[in-house]
Amino acid sequence: DINTILDQACMTDTAKKTARRIFEILGRAEAKAHGTSLEEVHFHEVGAADSIADIAAVAVCLDNLQISDVIIPALHEGCGTIRCQHGILPVPATANIITEHHIPLKLTGIQGEFVTPTGAAIAAAIRTSGQLPEQFQITRIGIGAGKRTYERPSILRAMLIVPEPGETDIVCKLEA
């Protein structure tokens with residue numbers, strides 16, 4: 001179903017490839033969490049309209065900005081459980097993605113979900129490094145805020161950076 005939606009979307013082949021990779025990572029994690037196969041994962045688990053929009057938007061933005069290197073040193077996660085369609089649970093899909101893709105995790109000690117399965121899948125699919133250059137210049141900054149209220153703001157910041165003055169490589173750093 002998701003591949004059909006992506007096939008019909010007005011996106012470049014590169015953006016579609018990125019979106020498919022993100023959905024595959026998300027689907028595999030959900031399949032593992034639900035004890036089923038990738039082919040049997042229910043559409044509602046990986047294909048809610050907001051997830052499709054989020055994933056497609058990330059893929060299109062990365063393609064439009066021609067981002068090929070993404071540095072994510074670590075993901076910062078809260079603790080506890082979340083309320084979802086299946087009741088009150090820990091977030092197994094997020095943990096599955098972080099584990100499988102060896103993404104460092106820092107716990108904040110704050111109750112709540114700071115890294116969604118969709119966010120973890122995006123990070124896993126686009127992360128090319130966890131190490132920032134020693135020196136860099138920031139050329140652009142984008143900030144997005146989450147909708148939930150926590151003890152501290154739930155914000156994602158993305159920065160386009162140039163590693164050394166005079167070099168032409170552009171890197172995107174995401175931090176939450």
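Up top you'll find the structure we're talking about.
Conventions adopted
- Residues numbered from 1 in each chain as written.
- Predicted model: local features only at pLDDT ≥ 70, side-chain atom pairs only at ≥ 80, totals over all residues.
- Heavy atoms only, no water.
- Helix = DSSP H or I, 4+ residues; strand = E, 2+ residues; numbered from the N terminus.
- Buried < 20%, exposed > 50% of the residue type's maximum accessible area, 1.4 Å probe, protein only.
- Contact = heavy atoms within 4.5 Å.
- Areas by Shrake-Rupley, 256 points an atom, 1.4 Å probe, with all protein chains shown as cover.
- Salt bridge = Lys/Arg side-chain N within 4 Å of Asp/Glu carboxyl O.
- Phe/Tyr/Trp six-rings, centres within 6.5 Å; stacked < 30°, edge-to-face > 60°.
- Polar contact = N/O pair within 3.5 Å; in protein donor to acceptor, adjacent residues only side chain to side chain.
- Core = buried A, V, L, I, M, F, W, Y, C linked by side-chain atoms within 4.5 Å.

Quick question: what am I supposed to make of the overall build of the chain here?
Counting its secondary structure elements, the chain contains 6 helices and 8 strands. Traced from its N-terminal end to its C-terminal end, the chain shows the element sequence α-α-α-α-β-β-β-β-α-β-α-β-β-β. The burial tally for the chain puts 37% of its 176 residues in the buried class. For the chain, restricting intrachain contacts to residue pairs at least 6 apart in sequence, the fraction spanning at least 24 positions comes to 62%. Taken as a whole, the chain presents about 10,400 Å² of accessible surface, with 52% of it coming from carbon and sulfur.

Quick question: what am I supposed to make of the pattern of salt bridges here?
Two side chains that carry opposite charge are able to pair once their charged atoms sit near each other. Considering all chains together, one arrives at 3 salt bridges under this definition. In this structure, Asp-7 engages Arg-20 in a salt bridge whose closest nitrogen and oxygen atoms are separated by 2.1 Å. Taken as a pair, Asp-7 in helix α1 (residues 2–8) and Arg-20 in helix α2 (residues 13–34) lie far apart in primary sequence, 13 residues in all. Taking relative accessible area as the criterion, Arg-20 reaches 29% and is therefore assigned partly exposed. Where Arg-148 meets Glu-113, a salt bridge forms, and the shortest distance between an N and an O atom there is 3.0 Å. Highlighted residues: Arg-148 in the loop between β6 (137–145) and β7 (155–162) and Glu-113 in the loop between β5 (105–111) and α6 (117–126), separated in sequence by 35 residues.

Would you mind going over the packing of aromatic side chains with me for this structure?
To describe a pair of aromatic rings, you give the distance between the ring centres and the angle between the ring planes. The tally for this structure, following the rule as stated, stands at 1 aromatic pair. When the centroid spacing of 4.4 Å and the interplanar angle of 35° are considered together, the rings of Phe-114 and Tyr-150 count as tilted. Of the two residues, Phe-114 sits in the loop between β5 and α6 while Tyr-150 sits in the loop between β6 and β7, which places them 36 residues apart along the sequence.

Would you take a moment to explain the environment of Ala-59 for this structure?
The residue Ala-59 is located in helix α4 (residues 49–64) in this model. Spatially, the C-alpha atom of Ala-59 lies 4.7 Å from that of Ala-15, the residues being 44 residues apart in sequence. Excluding residues within four positions of it along the chain, Ala-59 makes contact with Met-11, Ala-15, Thr-18 and Ala-19.

In this structure, what is going on with the side chain of Glu-113? I would like to understand it.
On the accessibility criterion, Glu-113 (8% relative accessible area) is buried. Among the polar contacts listed, one links the side chain of Glu-113 to the side chain of Arg-148, at a separation of 3.0 Å.

Help me understand the nonpolar core, please; the structure alone is not making it clear to me.
Soluble globular proteins tend to pack their nonpolar side chains together in the buried interior. Counting residues in hydrophobic clusters, the biggest one holds 32 residues, and the most contacted among them are Met-11, Ile-55, Leu-75 and Ile-97. Counting residues per element, the ones that place at least two in this core are α1, α2, α4, α5 (92–100) and α6. When sequence neighbours within four positions are dropped, the list of residues in contact with Ile-55 reads Ala-19, Ile-22, Phe-23, Leu-26, Thr-118 and Ile-122.

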